[in-house]
Amino acid sequence: MDQKLRNFDKLRSTIRSDVVAHLLNQLQQTLGGTSLVVTHDIALAFKVADHMVLLRDGTAWLSGPPETFQASTDPVVRNFLDGTASPEDLLAMEAEHAV
């Protein structure tokens with residue numbers, strides 16, 4: 001089995017999210033195979049994913065199709081999708097970065 005690994009970080013940093021999503025979807029349709037996209041760009045994730053995983057503290061917090069995330073009422077998932085942080089999350093981040 002011939003596997004190819006591609007890093008699109010430089011592409012992603014210079015091109016708009018919708019263009020990257022279009023290119024990734026075209027690659028998938030043309031070449032097939034599986035792509036792993038690691039991103040904090042929620043809009044991009046929803047445009048290209050058929051399966052998503054939200055990691056929290058090294059654990060898969062939620063895993064499933066994008067619709068699972070959209071329908072979730074879990075506060076951690078909602079905060080992530082909405083780009084907000086709970087008071088507990090903010091305290092944990094402050095503690096991690098304390099000097």
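Cut-offs applied
Residues numbered from 1 in each chain as written. Predicted model: local features only at pLDDT ≥ 70, side-chain atom pairs only at ≥ 80, totals over all residues. Heavy atoms only, no water. Helix = DSSP H or I, 4+ residues; strand = E, 2+ residues; numbered from the N terminus. Buried < 20%, exposed > 50% of the residue type's maximum accessible area, 1.4 Å probe, protein only. Contact = heavy atoms within 4.5 Å. Areas by Shrake-Rupley, 256 points an atom, 1.4 Å probe, with all protein chains shown as cover. Pairing = 2+ DSSP bridges. Polar contact = N/O pair within 3.5 Å; in protein donor to acceptor, adjacent residues only side chain to side chain.

### Overview of the overall build of the protein
Then comes step 1: Scanning the protein for helices and strands turns up six helices and two strands.
Then comes step 2: Listed by position from the N terminus, the elements making up the protein come as α-α-α-β-β-α-α-α.
Then comes step 3: Out of the 99 residues in the protein, the part that is buried amounts to 21%.
Then comes step 4: Long-range pairs, those at least 24 residues apart, make up 22% of the contacts in the protein with a sequence separation of at least 6.
Then comes step 5: Of the roughly 7,900 Å² that the protein leaves accessible, carbon and sulfur atoms contribute 56%.

### With respect to the pairing of strand E1 (residues 52-56)
Then comes step 1: As defined by bridge partners, E1 adjoins strand E2 (residues 59-64) across five bridges and the pair is classed as antiparallel. Looking at E2, one finds that Leu54 is bridged to Leu62.
Then comes step 2: Adjacent in sequence and paired antiparallel, E1 and E2 are bridged by two residues, among which Asp57 carries a positive phi angle near 55°.

### Thoughts on the side chain of Asp41
Then comes step 1: Considering the arrangement of structural elements, one finds Asp41 in the loop between helix H2 (17-31) and helix H3 (42-48).
Then comes step 2: The exposure class assigned to Asp41 is buried, which follows from its relative accessible area of 17%.
Then comes step 3: Side-chain polar atoms of Asp41 contact the backbone nitrogen of Leu44, separated by 3.0 Å.

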